[in-house]
Every structure is written in structure tokens, then in C-alpha cells.
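For reference, the chains in residue letters:
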Amino acid sequence: MFSKEGKVLDLGSYRRFTFEECIQEKFNTFVLDEGGLSSPLSISLVIPTKFEPEGILEIEETTLHRILAECSELVDAGYLDEIIIMGATRDENGEPDFTILEKTVKIAYEELGLFREQVDLLNKYRSQKERAKRGLIDFFLKVIHQFDPNITKLLAKYGVFGVTGYFGVLPGKGSGLWLSVPLTRGDILCFVDADIMNFQKEFITGLCHPIIYSWNIQEAAIKLVKAYYTRLTVTKTDPQKVFLGGRICRLLAMPLLRSIVETFKLYLGLENMKYPLAGEFAVSRDTMEQLNFPNTYAIETSLLFQTYDLIGPTSIAQLDLDIYRHIGQRFERLENMAYQIVDFVFRLIDEKLGRPLTREEKEQLIVSYEENVTRLIDDYEKTASQIKEIEKNLLYSREDDLEKKKRLQQVIFEVLEGKSKEKRPRYFSYPSWRRINERTRNYFVLKEMLRRRCNQSTWSRLKECGLLS
Ligand SMILES: Nc1nc2c(ncn2[C@@H]2O[C@H](COP(=O)(O)OP(=O)(O)OP(=O)(O)O)[C@@H](O)[C@H]2O)c(=O)[nH]1
Ligand SMILES: [Mg+2]
């Protein structure tokens, strides 16, 4: 299971690992804890969630049910050691909306037996409930809001903002993932989006297994496994319609990545990444704690590039999850995502080269992107016709892809020429937790306190939704 050619290892289908084999391997792997004692390896699952201010739709709720029901099997088998749901939904006035997290704990209560038993125990024993109030009961599933003021206060108290240079937790998926690192305890962190309609527990075992398998091998150990798949997108407005999704990845990130490798000979080996923007990945804690986190949708691209710089392409693998059916967003929102990603990529290239791009390089890049994206659209047309055989409702239009490509090419052009600055969010990157620890020297205590707050937040949501008396 190792790459020997300086390339990202393509593991192929997630079905190649049996469930039993993954479970066994996990139980057979040990790590040294903070006190130097050999202990069984643990895995944390993080699910970032953000819904529209109008609230959670039925289709989104059903999806969360399914994800947690599948996870429940992993919990029962002893594979997953904790789950954190990182909320970020705000109401119409821009205030944190905790009602979504209340819904989430209700769903978790229904689907996760272990969590249900924990809650029932608190209702039975007053002393346990009092401990939970203080954050001393470690809930198996924890919910926390990215903008929870108690979290902000803690980060301020422990001097974190003195290192980040910004007071508070910014909006954006990247900030949410950054915050999830000290909240979790797993030696492996696994991330999955909350909108996967056909979620399967084997997605998680498949993503984590290669890291566990190579845990004790010094050379070429895999530290990051990213998913790839064919995205089928269901729209919120008409769930009967299915599109070939992943437009920003298919039509922007992939061709752009190939063009960057070709034009600048940077990040060689990443040109074969089949879904660089996948939000589904597993990573070793040690690696994650060394990475910086931009607060925008550039998060996936950034983590991938940084991991490459830190440990090289042979420590990265990709895994085929086959068909990924998810709830999509409107293209206008995706365009916003495109600005964030392109803006990040060109910042990084300038930084790598140590100078701004020349006119020739910019022109060469635009030409190369055009060639790559056109070639890929040919492939997409073929993929779509194959999928239509199993998914009769699939809608795919080459013209539509070409149209979107034009718009995305315009985004690249505008960013290269320094135009449309107002469409790009203020770029901000959170420093790695390792760096924060080097500066504050209190990471261990901070983690403990954050965990307490996360447990207290879960207790509050349980109380508000009536599951705790
Ligand atoms: N905590 C947190 N989660 C977020 C934020 N933005 C998005 N998410 C969640 O992160 C996951 C990915 O976000 P999406 O907006 O679906 O992005 P995407 O999957 O790249 O885009 P689509 O192809 O349209 O699905 C989902 O589970 C979101 O609910 C945020 O600001 N904070
Ligand atoms: Mg999504």
C-alpha cells in the first residue's frame, strides 16, 4: 500500500478494505499518550455543518439521520472514539443559531445508542447531571457552535488571539476545522461533510485504514487520505433532479492544479489528484497540528498543498468512494467559492516563487487552463453517459459546463489581474496549533478547557431541546 514513484498513491475503491480488517487493524495499533504510556489508537470524526438562516430542510435532516445511523455502527464496533459536530448556522440577524444544534442532538439521541445511554444515565443520576453541567461528563457526541461566546472567551483567556492576530473565530469552514483540532482527542481525525445523502460507514473505515495500516512504518507512511468520487448533486428546490456535481472542483480546481504543475513545475505529483476539493479526508493529528488554516473555502486546497510541502506526495493517498450523492448549492454561491480558491492559489504561487507572476506566465497559465478544462469536459461527457445507465434522472449538458467554464476562466483572469477585489473575502489564515503552543505554552490546558466547554455546550443543547430534565 505504498507509493514508490513520488506520486500520490491511488488506492482505488474503498471496497478493497473489508470492514473486519479495518476494525482489527485499529485494535492492533498503539500510540504513546502524553504521559508516555502505550495506549490504543483513537479516531475522532468531525462533521462541519452550516445551514441557511431559514433553518434545516427535511432533506438535510434525513441526511444527518443517515450519517449518524451509519456512524452508530462504527461506534458499536469500537472504531470511532468520538464525534464532533461543528455548527456555524446563523439566524437572519447574523446571530449564532443554536436551534440547529438542538435538532442535531435530538437526531444523535435517536440514532446513536451509546449517546442515548449517556443521556439517559444523566436523567437517572442527579450527581452525573451536575457533573455534566460542569463539563465533566465526556459526551460521546459533542455539538459546538463556531461562534459560541464561551469558546471565544477561552481562546482569549489563553492568549490564542495574541498569536492569530485577530480577536474571535471568523466565519468560514476553514475556521471551523481549525477549531475542531484542539476540541478532538483522536490520533486520527476524519472529516466528512454533512450533506452526503448516500453516506456509508465504509467511507470512514476506508479513509482511516491506510493511515492506521502504515502507522508503525517509518518510511513512506501515509498521513493523509483524501476521497475522490463522482459527485451527483441533488438540488434543494427539486430533489428529483440529479446533476453531475462538483462543478468548482471539476471545472476549476482540477484543471487549474494541472496547469500549475505544468507551468511552474510546482507540486509535482498532485496533478493526478482526482478530487482535490473533497471535504472527506482522514489525517494524522501530528500532521494536522502543523498546518495553517485559511478561513475560507480554500481550506481543502490549502491543507493539501501544505501537507505536500510538509511530508511530500508519497505520504498522501486518495481513495475512490465511487458515487457521492449530495445536496448542492446554487451556482452563485459556488462562484463565491471560486474567488476564494483562486485568490488563495495565486497568493501561494507568488509566495513560492518569491515574486509576482510575469505577463507571459499569466498568459501561459490561462492557455494551459483552457486546454486542461476542455480535455476534462470531454471526460465528463463520457462519465455522464455511463452514469445515465444507472441513474436515469441524471441531467448533464456539455454546453452548460462550457458556459460555467467561461465564467470560471473570467474569475481566474480577474484575480490574476487584481480586479474584483470586493468579491474576495479578506484573506485570513489561522496559524497551526503547534505554533500557537510554541508561543503560548499552554496547549494542553487549553485543550482540556475547550473540551469542557464543548461538553457544557452539548449539555445546554440537550437541556434546551428537552432531552435532559
Ligand atoms: N462549521 C462550518 N461548517 C461549514 C461552513 N461552511 C460550510 N460548512 C459545512 O461544510 C460542508 C461543506 O460545505 P458546502 O457548502 O457543502 O461545500 P461543498 O461541499 O464544497 O460544496 P457543494 O458541492 O455545493 O456541496 C457542509 O457540511 C457544510 O454544512 C462554515 O462556515 N462553518
Ligand atoms: Mg457540500
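The structure we're discussing is the one just above.
This write-up is about the structure you can find in this document.

What counts and what doesn't
Residues numbered from 1 in each chain as written. Chains lettered and ligands numbered in written order. Predicted model: local features only at pLDDT ≥ 70, side-chain atom pairs only at ≥ 80, totals over all residues. Helix = DSSP H or I, 4+ residues; strand = E, 2+ residues; numbered from the N terminus. Buried ≥ 20, exposed ≤ 12 C-beta atoms within 10 Å, placed from the backbone. Contact = placed C-beta atoms within 7 Å. Near = placed C-beta within 6 Å. Axes fitted to C-alpha atoms, helices over the stretch in contact; angles between N-to-C directions. Parallel < 35°, antiparallel > 145°, perpendicular 65-115°, else oblique. Left-handed = near helix turned anticlockwise from the far one by under 90°. Nonpolar A, V, L, I, M, F, W, Y, C, P; charged D, E, K, R; others polar. Pairing = 2+ DSSP bridges. Expected span 1.5 Å × (residues − 1). Arc of directions from axis to C-beta.

## Here we look at the overall build of the chain
In terms of regular secondary structure, the chain is built from 17 helices and 14 strands. Counting only C-alpha atoms and orienting by the principal axes, one finds that the chain spans roughly 70 × 50 × 50 Å. For the chain, the residues scored as buried account for 46% of the 469 residues in total. Put simply, of all contacts in the chain between residues at least 6 apart along the chain, 81% involve residues at least 24 apart.

## Regarding the site of ligand 1
Taken together, 20 residues are adjacent to ligand 1, and Pro 48, Lys 50, Ala 88, Gly 176 and Ala 194 come closest. Counting residues per element, the ones that place at least two in the shell around ligand 1 are strand S4 (43-49) and helix H8 (173-183).

## Things to note about the packing of helix H2 (residues 58-76) against helix H3 (residues 99-111)
The interhelical angle for the contact between H2 and H3, taken along N-to-C directions, is 40°, at an axis separation of 9 Å. Judged on the interaxial angle alone, H3 and H2 are oblique. In this structure, H2 meets H3 at a crossing whose hand is right-handed. Contact residues: H2 offers Glu 61, Leu 64, His 65, Leu 68, Ala 69 and Ser 72, while H3 offers Lys 103, Thr 104, Ile 107, Ala 108 and Glu 111. For the contact of H2 with H3, the residue count by class is five nonpolar, three polar and three charged.

## Examining the pairing of strand S10 (residues 281-284)
By the alternation rule, side chains of S10 split into Phe 281 and Val 283 and Ala 282 and Ser 284, which are all buried. Of the pairings in the sheet, the one linking strand S7 (residues 188-191) to S10 comprises four bridges and is antiparallel in character. Bridge assignment links Phe 191 to a residue of S10, and that residue is Phe 281. Relative to S10, strand S8 (residues 224-234) runs antiparallel, the two sharing three bridges. Looking at S10, one finds that Lys 226 is bridged to Phe 281.

## Things to note about unusual backbone geometry
Positive phi, normally seen in glycine, also occurs at Lys 265, with a value near 55°. One can find Lys 265 in the loop between helix H10 (247-264) and S10. Even without being glycine, Tyr 267 reaches a positive phi, approximately 55°. The topology assignment puts Tyr 267 in the loop between H10 and S10.

## Quick look at helix H9 (residues 201-213)
The terminal C-alpha atoms of H9 lie 18 Å apart, and with 13 residues this matches the ideal 18 Å at 1.5 Å per residue to within 8%. H9 sits mainly inside the fold: 12 of its 13 residues count as buried. For H9, the set of buried residues is Lys 201, Glu 202, Phe 203, Ile 204, Thr 205, Gly 206, Leu 207, Cys 208, His 209, Pro 210, Ile 211 and Ile 212.

## Let's talk about helix H15 (residues 398-416)
Compared with the 27 Å implied by 1.5 Å per residue over 19 residues, the 27 Å span of H15 between its first and last C-alpha is a close match. When H15 is considered as a whole, its buried residues turn out to be Asp 401, Lys 404, Lys 405, Leu 408, Val 411, Ile 412 and Val 415. Down the axis of H15, the buried side of the element spans an arc of 115°, and every buried residue falls inside it. Residues of H15 that are exposed and point over 90 degrees away from its buried face: Glu 399, Glu 403 and Lys 406. Where H15 terminates, the next one or two residues include Gly 418, which has phi positive at roughly 70°.

## Observations concerning the environment of Leu 402
When you line up the elements, Leu 402 lands in helix H15. Distance from Leu 402 to Leu 353, taken between C-alpha atoms, is 31 Å for residues 49 residues apart in sequence.

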